[in-house]
Amino acid sequence: MENKNKVAKPEGKLAVLIPGLGAVSTTLMAGVELARQGKGAPIGSLTQMGTARLGKRTDGRTVKLKDLVPLATLDDVVFGAWDIISEDAYQVAQRSGVLSDKHMEQVKPFLQGIKPKPGVHDPEFVRRIAANHIKATKTHRESIEAIRQDIRDFKKELNAKRAVMVVCSSVETFRPLPEAFQSLANFEKALDSNSTDVNPTALYTYAAIKEGVPFANATPNASVDTPALQELAKLEGAPIAGRDLKSGQTMMKTVIAPALKARMLGLEGWFSTNILGNRDGEVLDDPQAFKAKEVTKSSVLDTILQPDLYPELYNKYSHKVSIHYYPPRGDAKEGWDNIDIVGWLGYPMQIKINFLCRDSILAAPLVLDIALFLDLAKRMEWRGIQEWMSFYFKSPMAHPGLPVEHDLFIQLTKLKNTLRVIAGEEPITHLGLDYYGDDLPLAR
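Residues numbered from 1 in each chain as written. Predicted model: local features only at pLDDT ≥ 70, side-chain atom pairs only at ≥ 80, totals over all residues. Heavy atoms only, no water.

Under an unreviewed UniProt entry, the name given to the protein is Inositol-3-phosphate synthase, and the organism recorded is Corallococcus terminator. Database annotation for the protein, UniProt heading Sequence similarities (unreviewed entry): "Belongs to the myo-inositol 1-phosphate synthase family." (UniProt positions renumbered as here; feature names shortened; annotations may be inferred.)

## Notes on the nonpolar core
Of all hydrophobic cores here, the largest spans 65 residues; its most connected members are Met-29, Leu-68, Ile-370, Phe-373, Leu-376, Tyr-392 and Leu-419. Top element by residues in this core is helix H15 (residues 359–379). It accounts for 12 residues. Filtering out sequence-adjacent residues up to four positions away, Phe-373 remains in contact with Thr-47, Leu-71, Trp-388, Met-389, Tyr-392, Leu-415 and Leu-419. Ranked by size, the runner-up nonpolar core spans 37 residues in total, among them Ala-180, Phe-181, Val-198 and Ile-240. (Core = buried A, V, L, I, M, F, W, Y, C linked by side-chain atoms within 4.5 Å. Buried < 20%, exposed > 50% of the residue type's maximum accessible area, 1.4 Å probe, protein only. Helix = DSSP H or I, 4+ residues; strand = E, 2+ residues; numbered from the N terminus. Contact = heavy atoms within 4.5 Å.)

## Considerations on unusual backbone geometry
Here the residue pair Gly-242 and Arg-243 is connected by a cis peptide bond, since its omega of 10° sits within 30 degrees of zero. The phi angle at Asp-244 is positive, at roughly 70°, despite the residue not being glycine. One can find Asp-244 in the loop between strand E8 (239–242) and helix H10 (249–262). A positive phi angle, close to 50°, is found at Gln-306, a residue other than glycine. Relative to the helices and strands, Gln-306 is located in the loop between helix H13 (300–305) and helix H14 (311–314).

## Quick look at empty space enclosed by the protein
In the structure shown here, the tally under the stated rule is 1 cavity of 30 Å³ or more. The calculated volume of the largest cavity comes to roughly 40 Å³. Surrounding the largest cavity, Ile-240, Ala-241, Gly-242, Ile-385, Gln-386, Glu-387, Met-389, Ser-390, Phe-393, Pro-396 and Met-397 form its lining. Here the element with the most residues in the lining of the largest cavity is E8; it accounts for 3 residues. Taken together, the residues that form the lining of the largest cavity break down as 7 nonpolar, 3 polar and 1 charged. (1 Å grid on protein atoms, 1.4 Å probe; cavity = no way out; pocket = protein on both sides within 12 Å on 5 of 7 lines; lining within 4 Å. Points joined across faces, edges and corners; volume = space filled by probe spheres on them. Nonpolar A, V, L, I, M, F, W, Y, C, P; charged D, E, K, R; others polar.)

Okay, here's the thing in structure tokens:
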């Protein structure tokens, strides 16, 4: 369909650049190639399979999202990566054990051609991985310049017109946000002094933004959720989104919690535990790395349930989250939730959820959507926080002073309405009174 707003067409190749060549990123790369070959369906991707209704329900106008706005096609997506391990994408995918032997054989040459550039590493932030593929840089400034040069080189090597960066690296150890991240001026000083407060993910973030490359953080690591790097993104005209993908257990929380509040059912407690055996699980076996994950996994309930407005329902609930590294599970993560709820007259009830999911299978299509939407935002000349992409993150960002929205369905409505407006269509409110005429009169 014709787009009514001025947005540059997605001409040429789009380089999706990923710090962290792990299970999620290789599953994404393999899936895109299998979809291009017609040997796999991009299930889980809104950009590839999602639709939006336009106009009234009686108009019968429903279109694919990829036809509503000008998105890059899968044929134009190319990949580059960094990692602190020297394995190519095929070796990583084989070790990760996500994909079947059949699928691995179908994409073997493609994945073998994706070799990571050396990564930036600080063993104080990632303790459980024996790194063997590290940049020889000695200062933060040197690392940033090396990453910026890598971005330019990737675009040349991949014959790409545009690039986006989505971090999918290992979870870094948690630290309370230091003063260095409170303003761009402080952050620049921290870079100059080679401060130990600056984590590797932040260096990739700074480098991407300085190159004008849209950036998203699919991890819990400190990055564009900080005032310093948000300030930089606005100055450099880079769209940013994050943090931490909302793929499994937290996705379920953002579905169940809104239902409880919609029905005014009380909550006594929510206990969540996970077992997984992939590299993410190995890294999260470090208590300080788990702390970073715990923060993003625990943040959604208060925002959705609004205990300040409904103290009698949600003021005293207990919320516990745990993650356990259990090697036999591999990438097949299992999440258990016990939810103690309260109904009419205070009678107790329970909800039990046992979500046997595949971590990377859930996450891969989210990374694809994020990359394509960020590229759209860049061609719209949008910059800074892209709140309309909150749908994809455990800890989404909003303009300072605005409450963050965690309800999955409100997030989806926001995303689709943003795309409608980009396309020059009216947002949909679902009010529907005008269908009923004199039966539901408003004017007296």
